[in-house]
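# Structural overview for review
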Amino acid sequence: MSAGGGIILEARDVVKRYPGHVALDHITYRVHRNAVNVLIGENGAGKSTLMRILAGVEQADEGTLWLEGQPLQLGSPREASAQGIAIVHQELAVLPNLNVAENVFAGRELTHRLPVLKTDEQKSRSASALRRLHKPLAVEGLVAELSLGNRQLVELARTLAHGARVLILDEPTSALSVAETAALFQVVEELRAAGVTILYISHRLHELLHLGDYFTVLRSGRIVGEAERSEVTRQWIVERMSGRSEAERVASAGVAVASPVALEVKGLRTTAMAQDESVRTALDGVSLVLRRGEVLGLYGLLGAGRTELLEVLAGLRPRADGEVLLDGQPVRLRTVAEAIAAGIAMVPEDRQRDGLVPELSIRENVVLAAKGARVLSPAQETQRVRELATQLNIVAHDLELPVTALSGGNQQKVLLARCLACAPRVLLLDEPTRGIDVGAKHEIYRILRQLASAGLSILFTSSEVEETTLLADRALVLCQGRIAAELPAGAITDEALFAAASPQVATTAATSQQGSKL
Amino acid sequence: MTPIAQTLSRSNRLADRGARLLLLLLRARAVLVLVVLLAVFALLVPSFLSANNLSILSKHVSISAIVAIGMTFVVLAGGIDLSVGSMAGLSGMVAGYVLTHHAGGDATLLAVLAALLACLAVGAVNGLLVTRAGVAPFIATLGTLYIARGAALLISNGKTFPNLGGDASGTTRLFPAIGQSFLLHLPTPVWVMAMLFAIASGVATRTPLGRHIYAIGGNERAARLAGINVAQVKLVTYLFSGLCGALVGLIIAAQLEASHPATGETFELNAIAAVVLGGTSLMGGRGTVLGSLLGAFVIGVLADGLVMLGVSEFWQIVIKGLVIVLAVSIDQLQTRLQAAFLPYLMRSSTEAGR
């Protein structure tokens with residue numbers, strides 16, 4: 001598989017520090033030529049940082065980069081691209097208002113001697129790049145009208161059109177359907193056959209085992225394992241990722257099945273709608289029961305309807321049909337204020353976009369949702385926020401500092417504190433530990449478990465298998481707006497979650513279909 | 001600790017102090033500029049600080065300050081209100097119409113109520129266009145700028161309503177008192193300004209409504225998710241701005257004892273200038289009512305001082321523009337400095353905590 005062999009790109013003794021933590025701690029990483037180099041690690045392990053350094057997006061504090069045995073200085077993504085190193089980001093960086101060809105040449109437009117676009121040449125070169133990907137997309141079609149999978153292909157075409165030798169794919173399948181994923185795998189294998197070196201980041205183990213030639217595991221900014229395909233097993237990866245022989249579950253107090261029902265959802269339906277350039281999945285008859293003191297995990301792929309379900313319960317999205325009962329009483333959830341008054345509070349998925357108000361202080365952010373007096377009293381607020389900060393272990397000396405001064409983990413705790421300040425009975429968490437380092441992650445798990453033991457009912461979504469297995473007392477799997485499976489604590493495994501979450505029966509079978517659905 | 005380390009930490013502390021001082025100066029820049037302006041004009045124009053001139057100055061300032069206070073909440077919540085100047089014109093014309101056409105007795109109260117209602121209606125239209133119809137605030141209020149101005153012209157067919165203080169038949173009215181009377185040696189408009197300022201800064205710092213306005217301007221999605229009724233809060237900001245526009249229109253009509261449909265043109269731009277000078281971000285979420293008040297003072301003092309110095313009217317306009325551009329540039333500098341010093345400030349505060 002690794003024909004050609006040798007090392008094409010190397011990061012030697014690289015150190016990258018961020019305020020508060022070391023993201024990469026003296027890492028030496030070698031990229032094998034003409035192979036799929038897989039990089040694995042939990043969120044916050046340093047994968048994305050390392051990729052950004054290799055792609056010139058960020059610069060290392062110490063250490064050197066070597067390309068084909070020559071020292072390499074990368075000051076910007078443009079310089080990396082000139083050396084043939086290209087990255088396709090997890091969050092796709094396409095311009096939806098432009099057409100495919102314009103996207104392929106965005107920022108590097110072909111012009112005549114006068115600054116006039118060579119539109120025809122851009123179109124023909126875009127088309128030929130897409131042909132290499134076996135995807136004859138219309139080059140004059142607007143990117144806004146393409147599916148996520150096809151948008152990704154546009155990004156891939158962009159890298160090919162500019163002659164990438166080393167292609168970095170950062171969690172390329174996190175937003176793709178099974179068929180799209182299978183098509184992507186096909187493309188990756190063809191690119192490798194055509195002599196492109198691939199760097200592939202993912203935490204979906206089955207994908208990695210399927211595709212990878214060389215495996216590198218990162219944990220807390222260090223490389224903790226390197227091996228070739230023949231030596232790698234699932235067990236090997238899991239052990240090195242987590243640093244434990246078997247991942248430890250957050251000790252559950254053992255929720256009595258007889259514990260009273262806190263929240264009941266019956267036959268919930270919503271209509272699909274386009275919002276913020278993404279299509280929201282319609283919920284199609286979702287029913288669930290959440291008991292007092294229970295931590296219920298909601299697993300599903302992107303677009304399965306997890307966020308939509310939470311948004312209905314938080315009063316953000318109207319429901320077309322169905323009933324929501326809180327402690328046996330039906331509740332109307334027409335606005336967020338109504339949901340909070342009823343005792344349902346939500347921590348959103350995207351802290352920066354939907355959670356924090358950067359202009360306000362830590363204190364003001366915490367008390368934002370609380371029903372307060374007619375006249376605010378900073379002294380009372382400070383005291384309340386102090387209590388919550390102690391309870392949740394928010395590390396901040398001065399509560400009057402801007403909330404942006406905190407680390408990701410502490411910012412997440414601020415949002416948690418905002419919800420707790422409303423004294424909720426049901427806590428909704430959308431991806432509770434997204435973009436948080438491992439230590440803070442486990443701390444948040446412990447805090448959530450404590451809150452649950454104190455009688456709070458928690459419903460959380462996660463696209464991480466590990467998080468679901470560690471935190472949940474019980475897991476529901478959503479697929480295309482429906483509950484596809486219910487798994488009791490003992491039965492939450494990677495295989496069970498994947499199998500239930502995929503719209504098609506088996507992923508391996510889908511691979512051979514070669515994504516004809518695209 | 002070695003002597004070298006001691007020296008280093010001392011110089012660090014000095015740099016820290018310097019940074020804090022610079023930030024403090026930047027934050028207080030509106031006050032500094034105002035003090036400098038007053039000093040310069042007092043030196044160059046001996047009569048500048050005379051009681052008579054200060055009285056005239058305070059009337060001018062209070063008019064732009066009232067509009068600026070109303071504008072502040074709109075801008076803090078991430079909007080803008082271009083229609084305030086037209087509302088001032090509309091308010092005066094509505095009052096003039098009522099006073100002129102009301103037969104028998106003093107219709108001052110009725111005129112004031114009608115003017116306030118007319119402008120609150122325009123404010124409500126602004127708020128509903130922005131929150132329900134989803135029109136961008138700039139466009140929505142640009143539309144009502146024209147509509148309100150047109151309505152003001154239509155009321156009198158473009159003519160002035162004269163003799164609002166009383167007419168030839170001998171009826172006298174209370175109306176001019178709104179703009180001309182004194183209370184404790186201070187003109188009424190100054191009192192109106194002071195009251196609005198007290199209410200507005202109380203609301204901004206002490207009430208949930210104020211907190212919600214800042215939150216919406218800072219991150220509207222987050223505000224919505226925190227259960228804040230974003231539409232209602234925004235509507236309130238436009239209503240308050242309309243109220244301020246109406247008051248200014250009434251004051252001007254009362255001062256002149258006449259109302260003219262062109263009253264208030266470009267007031268909205270003066271108000272925005274004052275708000276920005278006062279350090280409020282046009283992106284929303286950051287700023288103070290006091291800042292806008294100071295901004296209005298700076299613009300007012302500058303305008304009157306330049307007149308007294310005999311600077312040509314055309315140069316005055318250029319200078320006003322320069323001051324605004326400079327102020328916003330300094331604002332950007334402050335934002336960048338704050339961002340640069342944030343880790344620094346944090347470190348020293350955690351160290352102090354140990």
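For the structure, check the block above.
Now for a description of the structure that goes with this document. (Residues numbered from 1 in each chain as written. Chains lettered and ligands numbered in written order. Predicted model: local features only at pLDDT ≥ 70, side-chain atom pairs only at ≥ 80, totals over all residues. Heavy atoms only, no water.)

## Some remarks on the overall build of chain B
- Summing up its helical and strand segments, chain B has 14 helices and two strands in all.
- Counting only residues that meet the buried cut, chain B has 48% of its 354 residues in that class.
- Counting contacts in chain B only where the partners sit at least 6 residues apart, residues at least 24 apart contribute 76% of the total.
- With an accessible surface of roughly 16700 Å², chain B has 71% of that area assigned to carbon and sulfur atoms. (Helix = DSSP H or I, 4+ residues; strand = E, 2+ residues; numbered from the N terminus. Buried < 20%, exposed > 50% of the residue type's maximum accessible area, 1.4 Å probe, protein only. Contact = heavy atoms within 4.5 Å. Areas by Shrake-Rupley, 256 points an atom, 1.4 Å probe, with all protein chains shown as cover.)

## Some details on the side chain of Asn365(A)
All names here are of chain A.
- If you trace the backbone, Asn 365 turns up in helix H12 (residues 362–366).
- Of note is the side chain of Asn 365, whose polar atom sits 3.3 Å from the backbone oxygen of Leu 360.
- Contact partners of Asn 365, with chain neighbours within four places excluded, come to Gly 355, Leu 356, Val 357, Leu 360, Val 403, Val 414 and Arg 418. (Polar contact = N/O pair within 3.5 Å; in protein donor to acceptor, adjacent residues only side chain to side chain.)

## Overview of empty space enclosed by the protein
- Counting across every chain of the model gives four cavities of 30 Å³ or more.
- Put simply, the largest cavity is a space of about 120 Å³.
- Lining of the largest cavity is provided by 16 residues; of these, Met346(A), Arg418(A), Cys419(A), Leu225(B) and Ala226(B) occupy positions nearest its centre.
- Where the lining of the largest cavity is concerned, the elements lending two or more residues are helix H10 (336–342), strand E18 (344–347), helix H11 (351–355) and helix H14 (408–420) of chain A.
- Residues lining the lining of the largest cavity come from more than one domain, with at least three contributed by each of domain 2 (259–343 + 424–518) and domain 3 (353–421) of chain A. (1 Å grid on protein atoms, 1.4 Å probe; cavity = no way out; pocket = protein on both sides within 12 Å on 5 of 7 lines; lining within 4 Å. Points joined across faces, edges and corners; volume = space filled by probe spheres on them. Domains from an automatic or database assignment.)

## Description of the sheet that holds strand E17 (residues 329–330) of chain A
All names here are of chain A.
- What the four strands build is an open sheet, ordered E14-E11-E16-E17; its pairing is antiparallel. Edge positions in the sheet fall to strand E14 (284–291) and E17, since each of these pairs with one other strand and no more.
- Relative to strand E16 (residues 321–326), strand E11 (residues 261–269) is paired through five bridges, and the arrangement is antiparallel. Directly across from Arg 269, in E16, lies its bridge partner Asp 321. (Pairing = 2+ DSSP bridges.)

## Some points on the pattern of salt bridges
Residues and elements named next belong to chain A.
- The full count for this structure, using the stated rule, is 30 salt bridges over all chains.
- Residues Glu 311 and Arg 317 are paired through a salt bridge, measuring 2.7 Å at the closest nitrogen-oxygen approach. In this structure, Glu 311 and Arg 317 share a single accessibility class: buried.
- Put simply, Glu 400 and Arg 363 hold a salt bridge, and the shortest N to O gap is 2.7 Å. One end of the pair, Glu 400, is in the loop between helix H13 (378–392) and H14; the other, Arg 363, is in helix H12, with 37 residues separating them in the sequence.
- Accessibility expressed as a relative area gives 39% for Glu 400, which makes it partly exposed.
- In this structure Arg 363 comes out as buried when scored by relative accessible area, which is 9%. (Salt bridge = Lys/Arg side-chain N within 4 Å of Asp/Glu carboxyl O.)

## Quick word on the interface of chain A and chain B
- If you look at the interface, chain A gives 33 residues, while chain B gives 25 residues.
- In this assembly, chain A packs against chain B so that about 2400 Å² is buried in total across both faces, 62% of it on carbon and sulfur atoms.
- A per-residue breakdown of the area chain A buries against chain B is headed by Leu368(A), Leu376(A) and His397(A), which together make up 24% of the total.
- Here chain A is connected to chain B by three salt bridges.
- A salt bridge links Glu364(A) to Arg211(B), with the shortest nitrogen-to-oxygen separation between them at 3.8 Å.
- Remark: the boundary between chain A and chain B carries five residue pairs in polar contact (both at pLDDT 80 or more).
- Taken together, the elements giving at least two residues each to the side of chain A that touches chain B come down to H10, H11, H12 and H13 of chain A. (Buried area = accessible area lost by both parts, 1.4 Å probe.)

## Observations regarding the packing of helix H12 (residues 267–277) of chain B against helix H13 (residues 289–309) of chain B
All names here are of chain B.
- Relative to each other, H12 and H13 sit at 120 degrees, their axes nearing to 7 Å. Taken together, the axis directions place H12 and H13 in an arrangement best described as oblique. Crossing geometry of H12 relative to H13 is assigned as right-handed. Of H13, the residues touching H12 (which contributes Asn 270, Ala 273, Ala 274, Val 275 and Leu 277) are Gly 291, Ser 292, Gly 295, Ala 296, Val 298 and Ile 299.
- Partitioned by chemical class, the residues of the contact of H12 with H13 number seven nonpolar, four polar and no charged. (Axes fitted to C-alpha atoms, helices over the stretch in contact; angles between N-to-C directions. Parallel < 35°, antiparallel > 145°, perpendicular 65-115°, else oblique. Left-handed = near helix turned anticlockwise from the far one by under 90°. Nonpolar A, V, L, I, M, F, W, Y, C, P; charged D, E, K, R; others polar.)

## Observations concerning the sheet that holds strand E9 (residues 214–219) of chain A
Residues and elements named next belong to chain A.
- Read from one edge of the open sheet, six strands run E6-E7-E8-E3-E9-E10, paired in mixed fashion. Edge strands, defined here as strands with exactly one partner in the open sheet, are strand E6 (85–88) and strand E10 (222–228). Across the sheet, the mean angle from the axis of one strand to that of its neighbour is 20 degrees, orientation sign disregarded.

## Thoughts on the environment of His206(A)
Residues and elements named next belong to chain A.
- Mapped onto the secondary structure, His 206 falls in helix H7 (residues 205–211).
- Residue His 206 is classed as partly exposed on the basis of its relative accessible area, which comes to 24%.
- For the pair His 206 and Arg 234, spaced 28 residues apart in sequence, the C-alpha separation works out to 8.1 Å.

## A word on unusual backbone geometry
Residue and element names in this part refer to chain A.
- Of note in the backbone geometry, Asp 13 takes a positive phi value of approximately 55 degrees without being a glycine.
- One non-glycine residue, Asn 393, lies in the positive phi region at around 55 degrees.
- Among the secondary structure elements, Asn 393 is positioned in the loop between H13 and H14.
- The class for Asn 393 is partly exposed, based on a relative accessible area of 41%.

## Focus: a nonpolar patch on the surface
All names here are of chain B.
- Among the surface-exposed residues, Val 36, Val 40, Leu 43, Leu 44 and Leu 309 lie close enough to one another that they form a single nonpolar patch of about 480 Å² accessible area.
- Here the nonpolar patch gets four residues from one element, more than from any other, and that element is helix H2 (residues 29–44).
- Relative to the helices and strands, Leu 43 resides in helix H2.
- Classification of Leu 43 as exposed rests on a relative accessible area of 75%. (Patch = residues over 30% accessible without salt bridge, like charges linked within 9 Å, V, L, I, M, F, W, Y side chains within 5 Å.)

## Overview of the state of the cysteines
Residues and elements named next belong to chain A.
- Scanning the entire structure with this criterion turns up zero disulfides over all chains.
- Cys 422 takes part in no disulfide bond, and the closest cysteine sulfur, belonging to Cys 419, lies 6.4 Å away.
- Under the relative-accessibility criterion, Cys 422 is labelled buried at 14%. (Disulfide = S-S within 2.5 Å.)

## Structural notes on the environment of Ala65(B)
Residues and elements named next belong to chain B.
- Within the secondary structure, Ala 65 sits in helix H3 (residues 51–76).
- Judged by relative accessible area, Ala 65 falls into the buried class, the value being 0%.
- In sequence terms Ala 65 and Cys 244 are 179 residues apart; their C-alpha atoms lie 9.6 Å from each other.
- When sequence neighbours within four positions are dropped, the list of residues in contact with Ala 65 reads Met 193, Leu 293 and Ala 296.

## Comments concerning the packing of aromatic side chains
- If you walk through the whole model with that rule in mind, you get three aromatic pairs over all chains.
- Judged by centre distance (5.5 Å) and plane angle (45 degrees), the ring pair of Phe73(B) and Phe240(B) falls under tilted. One end of the pair, Phe73(B), is in helix H3; the other, Phe240(B), is in helix H11 (residues 230–256), and 167 residues separate them in sequence. With respect to class, Phe73(B) is no different from Phe240(B); both count as buried.
- In this arrangement the basic side chain of Arg12(A) is found over the ring face of Trp66(A), its NZ or CZ atom lying 4.1 Å from the centre. (Phe/Tyr/Trp six-rings, centres within 6.5 Å; stacked < 30°, edge-to-face > 60°. Lys NZ or Arg CZ within 6 Å of the ring centre and 35° of its normal.)

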